[in-house]
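One-letter residues, chain by chain:
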Amino acid sequence: MTPPPTAPVPPAPLRPAVPPRAAALRVLHAARRPALVLVAHGSRDPAAGAEIARLLDRLRAARPELDIRLAHLGLNAPLLPDVLDGLSGRVVLVPLLLSRGYHAKVDIPALLAAAPQVSGVIAAPLGPHPLLAEALHARLAEAGWRRAPGDAVVLAASGSRDAEAALDTGEQARLLARRLGVPVRPGYVAAGAPSVAEAVARFTAEGHRRVAVAGYFTAPGDFARLAAAAGGGPVGAPLGAHDAVVRLVLERYRTGVPALLPAAA
């Protein structure tokens, strides 16, 4: 008797190709990348919120592989505790602050400590830094400033009662003076002396023919408007979503990552 024909044996399924080592490392590193939480102060001014949103968009476009979130210390949602509640694992908090002070030293550390489900580090405030001098220079140029004999610039800041914050602002003024090639002094809007108007008046009394004001603020708002009203020459807009600020936020993030990764990573 002739045996019945046997059914054809289907070919063995192809085994998926082993990804190249570089691709595997990219997957591993992506899994290890901490989230980046951008911590803004918060403002009732819609223009401030819009500018911070533009900065967030630019950060996400620059590093689409990162989980980048925005949190506020007050006045706007989402607040930092709510953002931290939605996270677990490694997190780098990058404060949108321009100097050391109460928020950087007390508020943010306390809020991070109250979120035990995350392993987080807090990056240094953005300022002082040469990249901020670059952004400040660009904002002055946008306002029509070009260096001329007899020029001086007031670095208009919100101000703080914290002595280290004043040191940071003074250092940023020195960095800006080095970049612009003209004298630069701080002036304050809310706390500290001299005020922006006083700093402008002192330069004028010393014989400087034109005194510009560089807005040392992260976003538009009442402080920026008060500083602009005190100046008699070109007034630079707040730092906002300038490319140098984007680069600086990502630099602050990178400095925080090694503290969160295993030693062998």
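Structure: above.
Residues numbered from 1 in each chain as written. Predicted model: local features only at pLDDT ≥ 70, side-chain atom pairs only at ≥ 80, totals over all residues. Heavy atoms only, no water.

## What to know about the overall build of the chain
- Each helix and strand in the chain was counted, giving nine helices and eight strands.
- Buried positions account for 43% of the 265 residues belonging to the chain.
- The long-range share in the chain, meaning contacts at least 24 apart out of those at least 6 apart in sequence, stands at 75%.
- For the chain, the computed accessible surface area is about 13,700 Å², with 59% contributed by carbon and sulfur atoms. (Helix = DSSP H or I, 4+ residues; strand = E, 2+ residues; numbered from the N terminus. Buried < 20%, exposed > 50% of the residue type's maximum accessible area, 1.4 Å probe, protein only. Contact = heavy atoms within 4.5 Å. Areas by Shrake-Rupley, 256 points an atom, 1.4 Å probe, with all protein chains shown as cover.)

## So, the pairing of strand 5 (residues 151-157)
- Burial of strand 5 is extensive: seven of the seven residues sit out of reach of the surface.
- Alternating positions in strand 5 separate into two faces, Asp151, Val153, Leu155 and Ala157 on one and Ala152, Val154 and Ala156 on the other, with burial throughout.
- Relative to strand 7 (residues 210-215), strand 5 runs parallel, the two being bridged by six bridges. Residue pairing across strands places Ala156 opposite Gly215, the latter belonging to strand 7. (Pairing = 2+ DSSP bridges.)

## Considering the packing of helix 5 (residues 130-142) against helix 9 (residues 243-256)
- Relative to each other, helix 5 and helix 9 sit at 165 degrees, their axes nearing to 8 Å. With respect to helix 9, the axis of helix 5 lies roughly antiparallel. Pair helix 5 / helix 9 crosses with left-handed handedness. In this structure, helix 5 contributes Leu131, Leu132, Glu134 and Ala135 to the contact, and helix 9 contributes Ala244, Val245, Arg247, Leu248 and Glu251.
- Among the residues forming the contact of helix 5 with helix 9, the class breakdown is six nonpolar, no polar and three charged. (Axes fitted to C-alpha atoms, helices over the stretch in contact; angles between N-to-C directions. Parallel < 35°, antiparallel > 145°, perpendicular 65-115°, else oblique. Left-handed = near helix turned anticlockwise from the far one by under 90°. Nonpolar A, V, L, I, M, F, W, Y, C, P; charged D, E, K, R; others polar.)

## As for helix 4 (residues 102-113)
- The end-to-end C-alpha distance of helix 4 is 16 Å, a good match for the 16 Å that 12 residues give at a rise of 1.5 Å each.
- Taken together, the buried residues of helix 4 touch strand 1 (35-40), helix 3 (80-85), strand 3 (89-95) and strand 4 (118-122). (Expected span 1.5 Å × (residues − 1).)

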